[in-house]
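# Fold and geometry: a report
Residue strings, one per chain:
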Amino acid sequence: MPDLGQRTGGASSDSKLNLLLGIDLEDVRDHIPGGSRYQDRLGFNVERILRFLDDHQTKATFFTVGLVARRLPGLIKTIADEGHELASHSDRHVQLNKLTPEEFSSDLKRSIDALEHVTSDRVSGFRAPTFSLIPSCEWAYDALVDNNLLYSSSVLAAKNPLFGWPGFGTRPRRMRPGLVEIPVSLHRTPLPRVPLLGGVYLRVLPFSLTRISLFRHNRELPVTSYIHPYDIDQDQERFMHPDLDGNHLMNWLMYLNRNKTLVRLSKIIASCRSWRYIDWLDQYSSEIK
Ligand SMILES: [Zn+2]
């Protein structure tokens, strides 16, 4: 794999791309009818991710739903104890457009309380379920500020069948004083503008396209990423995943190439400089307008 940082300088102290490593930590069974009848594999998969990160001597940000933090406090404490960042992924993984500002505010607070109950670190970040922070939900930034958060990584700056904010642009942007949005990084190929290092896209698209987009990525901007624990699970039972409207082709893709997720991520980590989101923000916050 070519050195992804060999072309220009940019914001990094060396020429490597800055990779923000994100894990979206939810139990997919919570979001399908009768999901509890399926095997609980969350802890097993998170432990695998932790060993992977340890093997690569790198730290990540776990965007975690409050529901999981209350159910598995020991696991969440292990994540924090190993030096990873805990950030909010809402309390019950309800998309923002289904909530009123008041409902969102209390959901967010509940999730932060759940995380801070098991770690002494302050929660600083948020990721909206399914990247559901769209223009009509911009009020959510006020709740993030009210809860002393410093950043969000909740915007998919393109048209998307689920949620998107096409005019947002690719740069991190200061949405309120003290609150930065770090949008998800997108492919830079003739493909539709889909997430570059996001779960199903990382697994399913040819890796050569991922490499091209990384090579073309503006080195002044970080590369954001997300995988879910199920993205590495080859033994998960078959069921229809949420938010797919029963689409069997899409659901087939949800299971495709799960054996490739960590292999590909390993190659990407080797060519980048990896950060927890909060550490990258600490370093570059003053450069964000
Ligand atoms: Zn999620």
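Placed above this text is the structure.
None of these values were measured; they are calculated from a predicted model.

So, on to the pairing of strand β3 (residues 61-64). Going residue by residue along β3, you find T61 and F63 tucked away on one face and F62 and T64 tucked away on the opposite face as well. In the sheet, strand β2 (residues 22-25) pairs with β3 via 4 bridges, with the strands oriented parallel. Each residue of the ladder has a partner; that of D24, found in β3, is F63. For the handedness criterion, the β-α-β arrangement of β2, helix α1 (residues 42-55) and β3 is classed as right-handed.

Here helix α4 (residues 101-118) is 18 residues long and its end C-alpha atoms lie 27 Å apart, about the 26 Å a rise of 1.5 Å per residue gives. When α4 is considered as a whole, its buried residues turn out to be F104, D107, L108, S111, I112, A114, L115 and V118. Angularly, the buried residues of α4 cover 160 degrees about the axis, an arc narrow enough to put them on a single face. Exposed side of α4, more than 90 degrees from the buried face: E102 and H117 are the residues found there. Tucked inside the fold, the buried residues of α4 contact β3, α2 (66-71), α3 (73-81), β4 (85-88), β5 (125-126) and α5 (140-146).

With that settled, the discussion passes to the coordination of the zinc ion. The coordination sphere of the zinc ion, as far as protein atoms go, consists of E26 (OE), H89 (NE2) and H93 (NE2), spread over 2.1 Å. Mapping the donors of the zinc ion onto the primary sequence gives the spacing E-x62-H-x3-H. Taken together, the residues span a long stretch of sequence, with E26 in the loop between β2 and α1 and H93 in the loop between β4 and α4 at a distance of 67 residues. For the pair shown, E26 and H93 are each scored as buried.

Attention now goes to the nonpolar core. The biggest cluster of nonpolar side chains holds 67 residues, and the ones touching the most others in it are F62, I76 and F104. Beyond its immediate sequence surroundings of up to four residues, F104 is in contact with L96, L99, F126, W139, A140, A143 and L144. Counting residues in hydrophobic clusters, the runner-up holds 13 residues, among them W275, Y277, L281 and Y284.

Helical periodicity: at 3.6 residues per turn, an α-helix aligns residues three or four positions apart in one direction. Every buried residue of helix α8 (residues 248-255) is accounted for by N251, L253, M254 and Y255. On its buried face, α8 sits against α6 (199-204). N-cap assignment for α8: the residue whose side-chain oxygen lies 3.0 Å from the backbone N of L249 is N247.

Counted by the stated rule, this structure contains 1 cavity of 30 Å³ or more. The calculated volume of the largest cavity comes to roughly 140 Å³. Lining the largest cavity are 15 residues, and of these D27, V28, R41, Y230 and Q236 lie nearest its centre. Each residue belonging to the lining of the largest cavity can be placed in one class, and the counts come to 6 nonpolar, 3 polar and 6 charged.

Turning to the packing of aromatic side chains, a few remarks are in order. Counting across every chain of the model gives 10 aromatic pairs. Both rings, one in W165 and one in F168, keep their centres 5.0 Å apart while their planes meet at 75 degrees; by these two values the pair is edge-to-face. We note that W165, like F168, is buried. Here the aromatic residues F63, Y151 and Y277 are joined through ring pairs into a cluster of three or more. In this structure, R258 is placed above the aromatic ring of Y255, and the distance from its NZ or CZ to the ring centre is 4.4 Å.

All right, on to the layout of surface pockets then. Taken as a whole, the largest pocket holds about 790 Å³ of empty space. Lining the largest pocket are 35 residues, with L162, V200, Y201, L244 and M254 positioned closest to its centre. At the level of elements, α6 and α8 are the ones that each hand at least two residues to the lining of the largest pocket. Among the elements that make up the lining of the largest pocket, the one with the highest residue count is α6 (5 residues). Considered class by class, the residues forming the lining of the largest pocket number 19 nonpolar, 9 polar and 7 charged. Considered as a void within the structure, the second largest pocket measures approximately 190 Å³ in volume. Across the lining of the second largest pocket, the residue classes tally to 7 nonpolar, no polar and 4 charged.

Cut-offs applied
- Residues numbered from 1 in each chain as written.
- Predicted model: local features only at pLDDT ≥ 70, side-chain atom pairs only at ≥ 80, totals over all residues.
- Heavy atoms only, no water.
- Buried < 20%, exposed > 50% of the residue type's maximum accessible area, 1.4 Å probe, protein only.
- Helix = DSSP H or I, 4+ residues; strand = E, 2+ residues; numbered from the N terminus.
- Pairing = 2+ DSSP bridges.
- Right-handed = clockwise from strand over helix to strand, strands pointing away.
- Expected span 1.5 Å × (residues − 1).
- Arc of directions from axis to C-beta.
- Contact = heavy atoms within 4.5 Å.
- Donors = N, O, S within 2.8 Å, 3.2 Å for Na, K, Ca; no water.
- Core = buried A, V, L, I, M, F, W, Y, C linked by side-chain atoms within 4.5 Å.
- Polar contact = N/O pair within 3.5 Å; in protein donor to acceptor, adjacent residues only side chain to side chain.
- 1 Å grid on protein atoms, 1.4 Å probe; cavity = no way out; pocket = protein on both sides within 12 Å on 5 of 7 lines; lining within 4 Å.
- Points joined across faces, edges and corners; volume = space filled by probe spheres on them.
- Nonpolar A, V, L, I, M, F, W, Y, C, P; charged D, E, K, R; others polar.
- Phe/Tyr/Trp six-rings, centres within 6.5 Å; stacked < 30°, edge-to-face > 60°.
- Lys NZ or Arg CZ within 6 Å of the ring centre and 35° of its normal.

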